[in-house]
Structure formats: C-alpha cells, structure tokens
Amino acid sequence: MNPTIRFTPVAPHQAPELHQLYLDTPGYFDLLGGSIPNLGEVQRDLMTVVSDPHRHLELLHDARGELVGSVDYKTDYPEPGDLTINLLLIREDCQSRGLGQSVVEALEQRFAPQTRRILASVLGDNKRGARFWERQGYRFTLDARPVMTWYAKELGPSPTDARTLLSHPA
Ligand SMILES: CC(C)(COP(=O)(O)OP(=O)(O)OC[C@H]1O[C@@H](n2cnc3c(N)ncnc32)[C@H](O)[C@@H]1OP(=O)(O)O)[C@@H](O)C(=O)NCCC(=O)NCCS
C-alpha cells in the first residue's frame, strides 16, 4: 500500500522546520556542490513564496505527523495549464521507501483537473533524481546542462482545451 502523505503549505514562521529538513538532507546539497541554505536564507526564500502567486512550497508529513519532505512547485508555469515541480525533497533517512512516488501520484491526482502537463526540473548532475522522474513516467524534455534538465508528463487536455474542442469539433 502507498504511504500516506499530508501536504501543508509552508508559512513564513515555519522557516526553522524547513531549515531542519535541509540540515537532515545534506547529501542533496553535497551533490549540487553547494552549502545548505542558512536559516536567514530560508526565511527570505519563504517571503518570496508569499509574494509569488504562482509559487507554492508545501511540507510533507507522514501518517505519524513526522516531517518527511517538501515540495516546491509553480502553477500555470511556464504556460497556463502547466505545473512545474522545482524541487521534491524527501528527508535523507526516509528515502527509498516509496514516499517520493506517493507524493508525485498525489500531486498528479490533485492537479489533473486543471493541468495539461507536469514538468520537473532536475538541477546539476543528479542522476538519481533524473532516474526517479523517468520511473514516474516523465520524459526528458529539455537539456539546459550543466545547470539543469527538464522532464515532462502530459496529463491530457486542460479544461480550457476541452471546452475549445467541444465548441469546435473536428
Ligand atoms: C529523488 C527523490 C525525491 C526520490 O524520493 P524517494 O522517496 O527516495 O523515492 P521512492 O522511494 O519513491 O523511489 C526511489 C528509490 O526507492 C526505491 N524504492 C521505492 N519503493 C521502495 C520500497 N518499498 N522498498 C525499497 N526500495 C524502494 C526505488 O526503486 C528507487 O531506487 P533508487 O533511487 O535507488 O533508484 C529523493 O531521493 C530526494 O529527495 N532526493 C534529493 C532531492 C532530489 O534530487 N530531488 C529530485 C529533483 S526535483
């Protein structure tokens, strides 16, 4: 059975919790060759989330209420009807238990009604991250290496497309 995950939008006062998640997941920041953001940087980033109507950052808790990850995504970006996942992060000691896959399935279900396509960006030379998205059915779409690569999955016509098809049948 898929693990249960609860999604909660992060409020600016929860910066310490998000920061602790980053501290508990050092391998990802090592892989990117950078340092773990400090608390001030996390606080500033959360303020930019509040000011960007397209950007959403959610904490992920398991059935016991433990913080196991975060997901950072944009709606209607880059095009209307697209959803772009900028970072899915599962706490290092919780990886490889199927949580990442459950999060992706839940997001796909939640956004299917208003979303035509989901994109995922993978920063740097992150082979495991790329393999993860391919396993979820996402296809390599855009090569912007060495900075990032993009993966995408079509979910079907958005409601707007469907209305257009109905009013202009072939
Ligand atoms: C990539 C990432 C999100 C995947 O999350 P995850 O929870 O580990 O993903 P899953 O458990 O669903 O699947 C990943 C692995 O677990 C294995 N797995 C899944 N369910 C399993 C289970 N029940 N038992 C054993 N292994 C399992 C998969 O085969 C896969 O193996 P691999 O990564 O060694 O190839 C996570 O590794 C992560 O946070 N990485 C750092 C950030 C990152 O790179 N994000 C991706 C770019 S946005």
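These notes cover the structure that comes with them. (Residues numbered from 1 in each chain as written. Predicted model: local features only at pLDDT ≥ 70, side-chain atom pairs only at ≥ 80, totals over all residues. Heavy atoms only, no water.)

## Details of the sheet that holds strand β2 (residues 55–61)
Strands belonging to one sheet form pairs held by backbone hydrogen bonds; the direction of such a pair is parallel or antiparallel.
Move 1: Pairing is mixed across the open sheet formed by 7 strands, whose spatial order is β1-β2-β3-β4-β5-β7-β6. Looking at which strands have only one partner, the edges of the open sheet turn out to be β1 (6–9) and β6 (139–144). Between one strand axis and the next, the sheet turns through 30° on average, direction left out of account.
Move 2: Against the sheet, helix α1 (residues 15–23) touches β2, β3 (67–75) and β4 (82–90), its axis set at about 110° to β3.
Move 3: Across the sheet, helix α5 (residues 127–135) is in contact with β4, β5 (117–123), β6 and β7 (148–154); its angle to β5 comes to roughly 165°. (Pairing = 2+ DSSP bridges. Helix = DSSP H or I, 4+ residues; strand = E, 2+ residues; numbered from the N terminus. Axes fitted to C-alpha atoms, helices over the stretch in contact; angles between N-to-C directions. Contact = heavy atoms within 4.5 Å.)

## Some words on the site of the ligand
Move 1: Around the ligand, 19 residues are found, and the nearest of them are Ile 90, Gly 98, Gly 100, Asn 126 and Arg 128.
Move 2: Take Gly 98: an N or O atom from its main chain is 2.7 Å from an oxygen atom of the ligand.
Move 3: A distance of 2.7 Å separates an oxygen atom of the ligand from a polar atom in the side chain of Asn 126.
Move 4: When each cavity is represented as a set of grid points, the ligand is found to reside in the largest pocket.
Move 5: Within the residue set of the shell around the ligand, elements represented by two or more residues are β4, α4 (99–111) and α5.
Move 6: Broken down by element, the shell around the ligand gets its largest block of residues, 5 residues, from α5.
Move 7: Of the residues in the shell around the ligand, the class split is 8 nonpolar, 7 polar and 4 charged. (Near = heavy atom within 4 Å. Polar contact = N/O pair within 3.5 Å; in protein donor to acceptor, adjacent residues only side chain to side chain. 1 Å grid on protein atoms, 1.4 Å probe; cavity = no way out; pocket = protein on both sides within 12 Å on 5 of 7 lines; lining within 4 Å. Sits in = over half its atoms within 2 Å of the grid points. Nonpolar A, V, L, I, M, F, W, Y, C, P; charged D, E, K, R; others polar.)

## Quick word on the packing of aromatic side chains
Aromatic rings considered in pairs are described by the distance between their centres and by the relative angle of their planes.
Move 1: Taken as a whole and assessed by the stated rule, the structure comprises 6 aromatic pairs.
Move 2: Where Phe 132 meets Trp 133, the ring centres are 5.2 Å apart and the plane angle is 75°; that geometry is what we call edge-to-face. Trp 133 shares its class with Phe 132; the two are buried.
Move 3: Pairing Phe 140 with Tyr 151 gives two aromatic rings, centres 5.7 Å apart and planes at 75°, and the pair type is edge-to-face. Remark: Tyr 151 occurs in strand β7 and Phe 140 occurs in strand β6; sequence separation between them is 11 residues.
Move 4: With a relative accessible area of 43%, Phe 140 lands in the partly exposed category.
Move 5: On the accessibility criterion, Tyr 151 (5% relative accessible area) is buried.
Move 6: Three or more aromatic residues joined by ring pairs form one cluster here, namely Tyr 22, Tyr 28 and Phe 29. (Phe/Tyr/Trp six-rings, centres within 6.5 Å; stacked < 30°, edge-to-face > 60°. Buried < 20%, exposed > 50% of the residue type's maximum accessible area, 1.4 Å probe, protein only.)

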